[in-house]
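The lines below spell out each chain.
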Amino acid sequence: MKKILVLFLINVAWGCSSKHKNQVPAEIQKLENLTMFPASAKSMKIITFKKDVVYRDSEKILIGRIGNIDVDSLGRVFLADVQEKTIHVFEPDGKFTTQLGREGRGPGEFGYIKSLHIRNNRLYAFDSNQSKVNVFSLDTFEDIKTLSLARNRIQYPDLKIVYPQIDQLYVKNNDTYIVKFKTDSSIKNIAWRNFDIRGLFYPLDNTGKISSDKLFDFKMTTGTQVGTPHSNALIAFHLKDFFGSKMVVLSNDNSIYLVESDHFLIKVYSQNGVYSNAFYYPQKKIALSQESAVKAELSDLYLDNWESIDRPKNWPAVIEMKVDDQNRLWVATTVENINIYEWWVLEPSGEVIAKFDWLRTKPIQQILNGCIYTKESDETGVEYVVKYRFEFNEKQ
């Protein structure tokens, strides 16, 4: 019955065209509960933006280098400073309030702030260097607890090869977690050699211990052994602009959405890692050339070593995915104008709500309370965060 439903959806969306169907990779066509949307899918609404508030340096606060940010239900902005190893807190109007945490190895202290997550009036700050999470109250800003993550990993044979690399933390709405361990098959001492980077996803209980077998295990992206200037050392880099990455987001109801980078394909899973359904939009492949890389203002690392890098033929189809407080999906796609991304706003079921263009040099960090928050910089390189209010309007 499921297969009949899939074939019906294909016929409706693609006009019973075998030509269109043949353009879809075979591994995608085989997915159960797959909805294929046409490439020409139109927006239901128009989205407009209005610049509102800037969060940046002042006489009271000097910001080093901005990492991840999050925003609470009151509109307060929490900004991770990865250089100063602290969290700056701002009122909705941009007024600086306080700082949370400092450099160190004790409770409430950081080695590196990888990500911030706000759930149930708490701020969870993930320290990837120390494989721990510091939890702060949003009422008092008190450090409630510090959890060492996956302390029982020795019980899981697959994790012996990745110890202690916890790369990402996902916080569920019941004070439990999912972590992604990162492992690679890098070949040492060969400059510009590509290798696979895999992700192993495990659930954690509210004490930070692994609570069951892994949810997922798959190739996340391609890495490259990069030679550093003035040194014979090689460093494993993920050249995301070229190779993209599988991306995972967690919605407010703990649904897991996984998007490919080569294809606009989003798979939906339960919080326990059980596959539910998928939806797919065909995307035109954009050729990766040195000229387009220059236009995209990529790092000199890419441009200076262009001939040495074993590059893919095309830019990633999808470069980013976010989920907002209404469980809408925001997906950034690559288009002919390489200076921008075309963002798609989708219902959780995959239908297009709106599309809009946004400069790739102003990456969207968070979407909450009818606002997007971007990381931007001035002509001197000083970074700051900007809030834009958005509205959906019916098409005329």
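Let us look at the structure shown here. (Residues numbered from 1 in each chain as written. Predicted model: local features only at pLDDT ≥ 70, side-chain atom pairs only at ≥ 80, totals over all residues. Heavy atoms only, no water.)

### Focus: the overall build of the chain
Helix and strand counts for the chain come out as six helices and 28 strands. Against the 2.2 N^0.38 benchmark of 21 Å for 396 residues, the chain shows a C-alpha radius of gyration of 22 Å, consistent with a compact globule. A principal-axis box enclosing the C-alpha atoms of the chain has dimensions of 60 × 55 × 45 Å. By residue count, 51% of the 396 residues in the chain fall in the buried class. For the chain, the proportion of contacts with a sequence separation of at least 24, taken over those separated by at least 6, is 50%. Surface summary for the chain: the accessible area is close to 18900 Å², and the carbon and sulfur share equals 47%. One finds the centroid of the 51 positive side-chain charges in the chain at a distance of 5 Å from the centroid of its 49 negative side-chain charges. (Helix = DSSP H or I, 4+ residues; strand = E, 2+ residues; numbered from the N terminus. Rg over C-alpha atoms; globule rule 2.2 N^0.38 Å. Buried < 20%, exposed > 50% of the residue type's maximum accessible area, 1.4 Å probe, protein only. Contact = heavy atoms within 4.5 Å. Areas by Shrake-Rupley, 256 points an atom, 1.4 Å probe, with all protein chains shown as cover. Lys, Arg positive; Asp, Glu negative; His and termini not counted. Charge placed at Lys NZ, Arg CZ, Asp CG, Glu CD.)

### Re the packing of aromatic side chains
All told, the structure shown has 31 aromatic pairs when counted by the stated rule. Ring centres 6.5 Å apart and planes at 40° place the aromatic pair Phe110 and Phe136 in the tilted group. Residue Phe110 is located in strand 8 (residues 109–110), and its partner Phe136 is located in strand 11 (residues 132–137); the two are separated by 26 residues in the primary sequence. The pair Phe110 / Phe136 is uniform in exposure class, with both members buried. Ring plane angle 85° and centroid distance 5.7 Å describe the contact between Phe201 and Phe216, whose orientation is recorded as edge-to-face. (Phe/Tyr/Trp six-rings, centres within 6.5 Å; stacked < 30°, edge-to-face > 60°.)

### What to know about unusual backbone geometry
Positive phi is not limited to glycine here, since Lys85 has a value of about 60°. One non-glycine residue, Ala150, lies in the positive phi region at around 55°. Relative to the assigned elements, Ala150 resides in the loop between strand 12 (143–148) and strand 13 (166–171).

### A look at the sheet that holds strand 3 (residues 66–71)
Within a sheet, each strand pairs with its neighbour through backbone hydrogen bonds, oriented either parallel or antiparallel. With antiparallel pairing, the four strands of this open sheet are ordered in space as 3-4-5-6. A single partner strand is all that each edge strand has here, and the edge strands are strand 3 and strand 6 (96–100). On average, each strand axis in the sheet is inclined to that of its neighbour by 20°, with strand direction left out of account. As defined by bridge partners, strand 4 (residues 77–81) adjoins strand 5 (residues 86–90) across five bridges and the pair is classed as antiparallel. Bridge pairing in strand 5 links Leu79 to His88. (Pairing = 2+ DSSP bridges. Axes fitted to C-alpha atoms, helices over the stretch in contact; angles between N-to-C directions.)

### A few points about the nonpolar core
As a rule of thumb, soluble globular proteins bury nonpolar side chains together. One finds Tyr177 and Phe181 to be the most contacted residues of the largest nonpolar core, which totals 20 residues. Counting residues in hydrophobic clusters, the runner-up holds 19 residues, among them Ala41, Val249, Tyr257 and Val268. (Core = buried A, V, L, I, M, F, W, Y, C linked by side-chain atoms within 4.5 Å.)

### Examining the pattern of salt bridges
Two side chains carrying opposite charge are able to pair once their charged atoms lie near each other. In this structure the tally under the stated criterion is 22 salt bridges. The partner of Asp196 in a salt bridge is Lys219, with the nearest N and O atoms 3.3 Å apart. In this pair, Asp196 is assigned in strand 15 (residues 194–204) and Lys219 in strand 16 (residues 216–227), connecting sequence segments 23 residues apart. A single salt-bridge network, built from bridges that share partners, covers Lys114, Asp167, Lys180 and Lys182. (Salt bridge = Lys/Arg side-chain N within 4 Å of Asp/Glu carboxyl O.)

### Some thoughts on the sheet that holds strand 12
Taken in spatial order, the four strands of this open sheet run 9-10-11-12, and their pairing is antiparallel. Unpaired on one side and paired on the other, strand 9 (113–119) and strand 12 mark the two borders of the sheet. Here the average twist between neighbouring strands, direction ignored, is 20°. With five bridges joining them, strand 11 and strand 12 adopt antiparallel strand pairing.

### Re the pairing of strand 11
For strand 11, a buried count of six out of six residues is recorded, marking the element as mostly surrounded by other parts of the structure. Going residue by residue along strand 11, you find Lys132, Asn134 and Phe136 tucked away on one face and Val133, Val135 and Ser137 tucked away on the opposite face as well. The loop that links strand 10 (residues 122–127) with its antiparallel partner strand 11 comprises four residues; one of these, Ser131, has a positive phi angle of about 50°.

### A few points about the pairing of strand 19 (residues 256–259)
By the alternation rule, side chains of strand 19 split into Ile256 and Leu258 and Tyr257 and Val259, which are all buried. As paired strands, strand 18 (residues 247–250) and strand 19 are joined by four bridges and run antiparallel to one another. Residue pairing in the sheet places Met247 in a bridge with Val259 of strand 19. With antiparallel pairing between neighbouring strands as the criterion, strand 18 and strand 19 make up a hairpin whose turn holds five residues, including Asn254 at a positive phi of roughly 70°. By the bridge criterion, four bridges tie strand 19 to strand 20 (residues 264–269) in an arrangement that is antiparallel. By the bridge assignment, Leu258 is partnered in strand 20 with Lys267. The hairpin turn running from strand 19 into strand 20, its antiparallel successor, is four residues long.

### Description of the side chain of Ser255
Counting through the fold element by element, Ser255 comes out in the loop between strand 18 and strand 19. For Ser255, the side chain forms a polar contact with the side chain of Asp253, separated by 3.1 Å. When neighbours within four sequence positions are excluded, Ser255 is seen to be in contact with Val249, Leu250 and Tyr269. (Polar contact = N/O pair within 3.5 Å; in protein donor to acceptor, adjacent residues only side chain to side chain.)

### What about the environment of Tyr124?
Within the secondary structure, Tyr124 sits in strand 10. According to the relative accessible area criterion, Tyr124 is buried, its value standing at 1%. Separated by 240 residues in sequence, Tyr124 and Ile364 have C-alpha atoms that sit 20 Å apart. Beyond its immediate chain neighbours, meaning those up to four positions away, Tyr124 contacts Ser115, Leu116, His117, Arg119, Val133, Asn134, Val135, Val171, Asp175 and Tyr177. A polar contact of 2.7 Å, which involves the side chain of Tyr124, links it to the side chain of Asp175.

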